[in-house]
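Given next are the chains, with one letter for each unit.
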Amino acid sequence: MVKVTEDIFGIAINPFTGKAQVVRRYTISNANHLSVQIIQLGATIQSIKCPDAYHNVEDVVLGFDDVAGYLSNRQRRFGCMLGRVADRVANGEFIMDRRKVRVSRNLNNQHQIDGGYIGFDCIIWNLHMMRPDGITLSHESAQGHEGYPGKLTVLLHFTMDNDNRFYMRIEARTDQTTPVNISNHCYFNLAGQKAGRKGILEHRLVISADNTIETNDDAMPTGRFVRVNNTVYDMRVPAFIGDRLRQFENKSVPGFDVCYAIDKDFDANVLHFAGRFLHPESGRFMEIHSNQPGMRFETANDFPDDTRDEEPIMGKECARYFQHSGFSIQLEKFPDTMNNLDFPTAFIMPSELYFHETIYTFGVQESWKCCALPEELEQLGPDIVRYT
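Residues numbered from 1 in each chain as written. Predicted model: local features only at pLDDT ≥ 70, side-chain atom pairs only at ≥ 80, totals over all residues. Heavy atoms only, no water.

Caption draft 1: Quick look at the nonpolar core. In terms of nonpolar packing, the biggest core is built from 61 residues, with Phe158, Tyr260, Phe277, Met286, Phe297 and Ile329 touching the most fellow members. Among the elements that line this core, the one with the most residues is strand S13 (residues 152-160), at five residues. Residue contacts for Met286: discarding those within four places in its chain leaves Phe188, Leu190, Gly275, Arg276, Phe277, Phe327, Ile329, Tyr360, Thr361 and Phe362. Ranked by size, the runner-up nonpolar core spans 17 residues in total, among them Ile39, Phe64, Tyr70 and Phe303. (Core = buried A, V, L, I, M, F, W, Y, C linked by side-chain atoms within 4.5 Å. Buried < 20%, exposed > 50% of the residue type's maximum accessible area, 1.4 Å probe, protein only. Helix = DSSP H or I, 4+ residues; strand = E, 2+ residues; numbered from the N terminus. Contact = heavy atoms within 4.5 Å.)

Caption draft 2: Inspection of the pairing of strand S27 (residues 327-332) at higher detail. Summarising burial for S27: six of the six residues are buried, a large majority. Pairing of strand S16 (residues 183-188) with S27, which is carried by three bridges, proceeds in the antiparallel orientation. The residue of S27 that forms the bridge with Cys186 is Ile329. As defined by bridge partners, strand S24 (residues 294-298) adjoins S27 across five bridges and the pair is classed as antiparallel. Looking at S27, one finds that Met295 is bridged to Leu331. (Pairing = 2+ DSSP bridges.)

Caption draft 3: Focus on the environment of Phe322. Within the fold, Phe322 resides in the loop between strand S26 (320-321) and S27. With 17 residues separating them in the primary sequence, Phe322 and Asp305 have C-alpha atoms 5.9 Å apart. Leaving out residues up to four positions away in the same chain, Phe322 has contacts with Phe303, Pro304, Asp305, Asp306, Glu310, Glu311 and Pro312.

Note that all results are geometric; they support no functional claim without further evidence.
Printed below as a string of structure tokens:
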């Protein structure tokens with residue numbers, strides 16, 4: 001049985017009224033000890049707790065215990081919603097209806113990223129409805145906000161079932177033609193949010209994509225796709241993150257920061273398998289299906305580097321987040337899609353409904369380790385234990 005509870009998470013300043021406002025937290029849980037906690041600030045996924053093969057329940061999402069933590073680390077977008085347009089808008093402009101639209105430029109005063117200075121991550125979302133299996137949050141983005149045309153009304157549906165599926169459905173309508181590309185940006189560590197780099201290096205993953213989005217020296221898309229064949233980005237067969245991250249040593253970007261093309265053609269009515277993420281030692285896995293064409297995958301490259309004695313980000317329960325302490329997933333339209341005619345369109349008209357659906361399925365991969373005797377494990381050796 002799924003149940004929903006509510007408590008107070010803290011107080012934040014509403015960016016539109018300038019007044020202090022209570023931030024509430026909603027906990028959705030099922031009969032299998034899976035629970036998801038969402039706070040109104042940024043419609044942020046603050047926690048996902050799930051059991052491992054040994055029935056130990058751990059929080060697998062990086063984040064903070066209070067509002068102050070999210071506000072002071074806003075630039076890294078822990079667990080929050082991104083919009084109106086997630087990811088990048090080159091030069092903060094695009095052509096729409098034969099006219100140039102200019103939006104705010106919050107990235108190096110040249111480009112826009114993740115919706116601008118006051119994006120969806122800054123908003124204290126309204127509770128629209130509490131449902132038997134989850135919640136619906138709402139927000140009305142005003143005409144001209146951050147430069148975008150039209151009034152945009154957004155509903156976020158977060159629900160869960162007893163098959164350990166967590167659903168994120170996003171709906172939006174506009175009164176003028178406007179671009180929409182709303183996404184969520186969570187950092188995961190299936191070994192547990194305290195497990196750090198060691199836990200991440202142990203992950204084995206599959207990403208179902210033949211191509212990535214090519215970018216220029218300024219990290220802006222060129223409009224072309226690049227085949228993953230014979231590259232570090234080829235995750236179509238299971239690979240350990242640790243093995244792949246070693247190939248980034250001495251590179252300008254010390255890990256993954258790439259948008260995969262899950263579906264180049266894009267059909268909002270079709271759910272595609274995007275990826276499977278497994279932590280073999282705990283047995284926890286997460287599978288993702290989505291109707292979005294792209295998935296940005298990043299390995300917390302810009303977190304503090306402990307090898308340089310940089311101070312960590314202090315997370316939940318005094319967890320210390322350093323470089324590669326988590327990986328982030330962002331299901332979305334392709335970045336800067338408005339300026340690339342070969343990409344699926346992000347524009348919607350007043351007669352259209354924007355619809356984004358992503359399903360996260362959590363589970364445990366049953367392993368022979370659960371029933372093997374300690375002496376049997378020792379005889380097989382550490383390498384076999386790791387890769388089985």
